[in-house]
Amino acid sequence: MANFHPSRLPVVLFTALAATTLPNALAAQSAAKPGEVPAAMALIKEADLKRDLYAMAGDAMRGREAGTPDEMRASIWVAEQLRAIGVKPIGDDGSYFQWFNMVRTRVSTVSTRASLGTNALEVWKDFIPLGGSSADVAGTVVWVANSADTTIDVRGKVVATPIVAPNPASIRTTTNSADVRYTQAAISATQARFARRGAAGLILVADATSDAAFDGLAILRGRGTYDVDRAARRFATQPTRAELPVPARQAGTPAFLVRGSMATALQGAPSIEVQVRLERFETPSVNIVGVIRGSDPKLRDEYVLFSSHQDHDGVRYQIDGDSVWAGADDNGTVSVALLASARAFAKQPGKRSVLFVYHGAEERGLLGSRYHAAHPVVPLEKIVTVLNGDMIGRNHPDSASLLGIQPPHRNSSDLVTMAMRANELTGKFKLDSIWDRPTHPEGWYFRSDHVPYARLNVPAVMYSTNLHDDYHTPRDKPERINYPKLTRMSQWMYLTGWFVANAPTRPGIDPGFKLER
Ligand SMILES: [Zn+2]
C-alpha cells in the first residue's frame, strides 16, 4: 500500500470513527449450490500461506525495496514459485519478468555543498534540505528566537530559528517512528510561521525529539522521488507522458533542518552558504507476470487479472533495534495469496485464463501497475477484471474492506455482485464500508495497484484489511499476521476470480463511472 505525499494527507484518528456495514452485505446469505465452489479451493491452505510468507517477508529478503537487488531477489523467488506451481511465463523474452525503468530524482551528495563560517557542512549528516528542488542560499544568519514574533523583519535574510512543537492533531498516526512523525509535523508548523514573510532561507534548529529523528529523516528524504515514463495515470491530473523536468528552484523559502548542537554557532551571526543540486537517473524495476490458460476455447483469450505488489520499503533506519522494513502484511500477504490461488487454478482451470501480475515499485507510487496498464502483456480489452489486494492479514478477524464497491469508486456492479457472493461462501466478513468512501481522509481507494486499471475502465476491486500501527514500520513482520484470517481472505479473492473466470458474460462497466480525483 503506497503512501501519499504527506502534504496530501489530512490526519484523522480512525479509532474515533465507528465501522459501518453495507446494508445488504450479510443479507440473504444462502448455502453453496452444487458445483458453485470448486473442489480446488481446498488447495488454499493456511500452512502454505504461512510458509510462503515467512520466506517472502523474512529478514533475508531485506524488505524488497524497488530498484535494489532486494526487489530482484524477491521477484526471482516469486517467479520460481510460479514456475513450480505450473504458471506459464508471459513476460519479456519468454520470462516471468516485464522490465521497466523508474526515473529517480534526488539531492546529489556530490554536487551539494554548504558552509557555516569557515566550516564545511555535509548534506544528510549536518543538514537536511527540506524542499524537492535545487536551492542557493547565502548571507549572514539572523537568529529568531521566537518565530511567533512577526514584528521582526526577515525579508531577504537567512533566518535560523528553533523548530516549534506541532499541534498533536497534525501528527500522523502511522508509518515511520514517532520522532520522525513529530518532526515532519514540526517542520510544517515552523515553515508555516514564516510563510509570506519573505526570508531568503530558513534554518530550522532541531529540538530533542527532532534531533533523535535526524538520521532517520535523512535516510527517508535522501531517497528522493520516483516516477515512470509512458505510463497510465494514478490521478486524473497526472501526465501520461512524464516530461519530468528537474525542479529548477524551490517555490517557497528554501528550508533546512540542522541538529540542535548547531544552535550556539547560529546565534553568533555567522555567514552561511548553501547550494543544493539534484541528480536524476533511471533504474530498473520489474513486474512478474504469469498465466494459467483457461479451458474454454472461446473464453480462454480473456483474462482475470490477480494483482499484488512484491516490493516494500527495504532497509531503512532502526526502530526498536530493527532496520528491515519487511512488509509482511504489505504486501507479502497478497503475494502469497496469489500463489495459493495459482495452485487452485493450476489444478482446476476456469473457462477464462488467469493472469497473475506482481507489480514492482508499488510503494514508490504505483509505478509497476501504471506501467503495465499502459503496456499490458495481453490486450487491455481482454482483461475482464482486476482483483487487487493490499494488506489482508491484520485487524479484527471478522472484518475486512472491499474497495471499489460504492460510487464513485464502483466501476462494475456485476463484479461487486460476484465478490459479495464469494464473501458469503468463504470469509463471511463484515465489510467496513468507510474505507471506500471518497471522503475517507486516508484516500485508501487511490493507494494501490487497481487504480490505473480502473481508470482505463477495467472492472476492478481491491481487498484489504486496512491500516494498523505497524504499517510502514519494521514491525510489519510475518509473526504479526493472523493466518486463519489470511486464509479466508485468500479464499475470498480466489473464489471471486473463479466466478469471473466462469461467468457466461464478462462483468460490465457501470455507466458514468468517474473517479473523484
Ligand atoms: Zn505499502
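Residues numbered from 1 in each chain as written. Predicted model: local features only at pLDDT ≥ 70, side-chain atom pairs only at ≥ 80, totals over all residues. Heavy atoms only, no water.

Considerations on the overall build of the chain
So the rule is basically this: Helix numbers and strand numbers start at the N terminus; a helix is a DSSP run of H or I with at least 4 residues, a strand a run of E with at least 2. Atoms counted for the radius of gyration: C-alpha only. Globule rule: 2.2 Å times the number of residues to the power 0.38. Relative accessible area decides the class of each residue, using a 1.4 Å probe on protein chains only: under 20% of the type maximum gives buried, over 50% gives exposed, and in between gives partly exposed. The contact definition used throughout considers only heavy atoms, calling two residues in contact when any of these lie within 4.5 Å. In short, Shrake-Rupley with a 1.4 Å probe defines the accessible areas, and a residue's cover is counted only from the protein chains shown. In this charge count, Lys and Arg are treated as positive and Asp and Glu as negative; neither His nor the chain ends contribute. For charged residues, the charge sits on one atom: NZ in Lys, CZ in Arg, CG in Asp, CD in Glu.
In terms of helices and strands, the chain carries ten helices and 20 strands. Its C-alpha radius of gyration of 25 Å places the chain within 12% of the 24 Å reference for a compact globule of 517 residues. The principal-axis extents of the C-alpha atoms in the chain amount to approximately 85 × 50 × 45 Å. With 517 residues in all, the chain has 58% of them scored as buried. Long-range pairs, those at least 24 residues apart, make up 85% of the contacts in the chain with a sequence separation of at least 6. For the chain, the accessible surface area stands at approximately 20000 Å², while carbon and sulfur atoms represent 53% of it. Of the charged side chains in the chain, 58 are positive and 52 negative, and the gap between their average positions amounts to 3 Å.

Considering the pattern of salt bridges
Quick reminder of the rule: Between Lys or Arg on one side and Asp or Glu on the other, a salt bridge is scored when a side-chain nitrogen of the former is within 4 Å of a carboxyl oxygen of the latter.
Counted under the stated rule, the structure contains 29 salt bridges. Across the pair Asp322 and Lys477 runs a salt bridge, and its minimum N-O distance is 2.9 Å. Linking Asp322 in strand β15 (residues 322-325) with Lys477 in the loop between β20 (460-464) and α10 (483-502), this pair joins segments that are 155 residues apart in sequence. Asp322 gets classed as partly exposed once you look at its relative accessible area, which sits at 21%.

A look at the coordination of the zinc ion
Test applied: Ligating atoms shown are N, O and S within 2.8 Å of the metal, or 3.2 Å for Na, K and Ca, and water is not included, meaning a site may look less than complete.
Protein coordination of the zinc ion is provided by Met1 (N), Met1 (O), Asp330 (OD), Glu363 (OE), Glu363 (OE) and His472 (NE2), with donor distances spanning 1.8 to 2.5 Å. Spacing between the donor residues of the zinc ion along the chain follows M-x328-D-x32-E-x108-H. Of the two residues, Asp330 sits in helix α6 (residues 328-347) while His472 sits in the loop between β20 and α10, which places them 142 residues apart along the sequence. By the burial criterion, Asp330 is buried, and His472 matches it.

Remarks on the sheet that holds strand β11 (residues 271-276)
Note the threshold: A pair of strands is labelled paired if DSSP reports no fewer than 2 bridges between them. Helix axes are fitted only over the stretch in contact, all axes being lines through C-alpha atoms; the angle between N-to-C directions runs from 0 to 180 degrees.
Spatial ordering of the open sheet is given by β4-β3-β11-β6-β7-β8-β10-β5, a layout of eight strands whose pairing is mixed. Looking along the sheet, the strands with just one partner apiece sit at the ends: β4 (119-121) and β5 (127-129). Neighbour-to-neighbour, the strand axes of the sheet open up by a mean angle of 30 degrees, direction not taken into account. Examined bridge by bridge, β5 and strand β10 (residues 255-258) share three bridges and lie antiparallel to one another. Bridge assignment links Pro129 to a residue of β10, and that residue is Phe256. Its contacts with the sheet put helix α3 (residues 178-193) on β7 (158-162), β8 (201-205) and β10, and the angle it makes with β8 is roughly 140 degrees. Each of β5 and β10 touches helix α4 (residues 208-222); the most contacted strand, β5, lies at about 35 degrees to it.

Topic: the nonpolar core
In plain terms, the rule: The criterion is simple. A nonpolar core is a set of buried Ala, Val, Leu, Ile, Met, Phe, Trp, Tyr and Cys residues joined through side-chain atoms within 4.5 Å.
Counting 66 residues, the largest nonpolar core has Phe306, Tyr463, Trp492 and Tyr494 as the members making the most contacts within it. Here the element with the most residues in this core is α10; it accounts for eleven residues. In this structure, Val107, Ile187, Ala218 and Ala263 belong to the second largest nonpolar core, which totals 50 residues.

Looking at α10
The condition is simple: Given a helix with a known number of residues, its expected span is that number minus one, times 1.5 Å. Definition of a polar contact: a pair of N or O atoms within 3.5 Å, with one able to donate and the other able to accept a hydrogen when the atoms are protein atoms, and with sequence-neighbouring residues admitted only if both atoms are side-chain atoms.
Taking 1.5 Å as the rise per residue, α10 with 20 residues should run 28 Å; its terminal C-alpha atoms sit 28 Å apart, in good agreement. At the N-terminal end of α10, a side-chain oxygen is found 3.0 Å from the backbone nitrogen of Lys485, two or three residues along, and the residue is Asn482.

Describing the environment of Leu366
In this fold, Leu366 is placed in the loop between β16 (353-359) and α7 (367-374). Given the relative accessible area of 0%, Leu366 is considered buried. For the pair formed by Leu366 and Phe194, sequence separation is 172 residues and the distance between their alpha carbons is 34 Å.

Remarks on the packing of aromatic side chains
Definition in use: Only rings of Phe, Tyr and Trp enter the pairing, Trp through its six-membered ring, and a pair is recorded when the two centres are within 6.5 Å. The plane angle decides the type: under 30 degrees is stacked, over 60 is edge-to-face, the rest tilted.
Following the criterion strictly, the structure yields 15 aromatic pairs and no others. A ring pair is formed by Phe97 and Trp99, whose centres lie 5.7 Å apart and whose planes are at 45 degrees; its orientation type is tilted. Looking at Phe97, the relative accessible area reads 16%, which means it is buried. Judged by its relative accessible area of 40%, Trp99 is partly exposed.

Considering the side chain of Arg197
For Arg197, the location among the structural elements is in the loop between α3 and β8. Leave out the neighbours within four places in its chain, and Arg197 touches Ser147, Asp149, Thr150, Ile152, Val154 and Arg155.

Let's talk about the packing of helix α8 (residues 413-425) against α10
We apply this condition: For classification, angles of less than 35 degrees are called roughly parallel, those exceeding 145 degrees roughly antiparallel, those between 65 and 115 degrees roughly perpendicular, and all remaining angles oblique. Handedness of a crossing is defined here by the sense of rotation of the near helix relative to the far one, left-handed for an anticlockwise turn of less than a right angle and right-handed for a clockwise turn. Three classes are used, and their members are as follows: Ala, Val, Leu, Ile, Met, Phe, Trp, Tyr, Cys and Pro are nonpolar, Asp, Glu, Lys and Arg are charged, and the others, Gly among them, are polar.
Between α8 and α10, whose axes approach to 8 Å, the crossing angle comes to 130 degrees. The orientation of α8 with respect to α10, classified from their angle, is oblique. Relative to α10, α8 is oriented so that their crossing is right-handed. Facing α8, whose interface residues are Leu415, Met418, Ala419, Arg421, Ala422, Asn423 and Leu425, α10 presents Trp492, Leu495, Thr496, Phe499 and Val500. Its residues assigned to classes, the contact of α8 with α10 comprises nine nonpolar, two polar and one charged.

Digging into the side chain of Lys477
With relative accessibility at 8%, the residue Lys477 sits in the buried group. Contact partners of Lys477, with chain neighbours within four places excluded, come to Asp59, Asp322, Val324, Ala326 and Ala328.

Digging into helix α1 (residues 46-56)
What counts is decided by this rule: Of all possible arcs, the one meant is that of the directions from the helix axis to the C-beta atoms.
Among all positions in α1, only Asp48, Leu49, Asp52, Leu53 and Met56 are buried. Across the axial projection of α1, the buried residues extend over an arc of 125 degrees, all falling on one side. For α1, the secondary structure elements touched by its buried residues are α2 (69-85), α6 and α10.

Observations regarding the environment of Ala165
Looking at the element boundaries, Ala165 is found in the loop between β7 and α3. When the C-alpha atoms of Ala165 and Ile44 are compared, they prove to be 50 Å apart, with 121 residues separating the residues in sequence.

A look at the packing of α2 against α6
Viewed as axis vectors pointing N to C, α2 and α6 meet at an angle of 20 degrees, and their least axial separation amounts to 9 Å. Judged by the angle between their axes, α2 and α6 are roughly parallel. Crossing angle aside, the handedness with which α2 passes α6 is right-handed. Listed contacts from α6 to Trp77, Gln81, Leu82 and Ile85 of α2 are Leu339, Ala342, Arg343 and Ala346. Partitioning the contact of α2 with α6 into residue classes produces six nonpolar, one polar and one charged.

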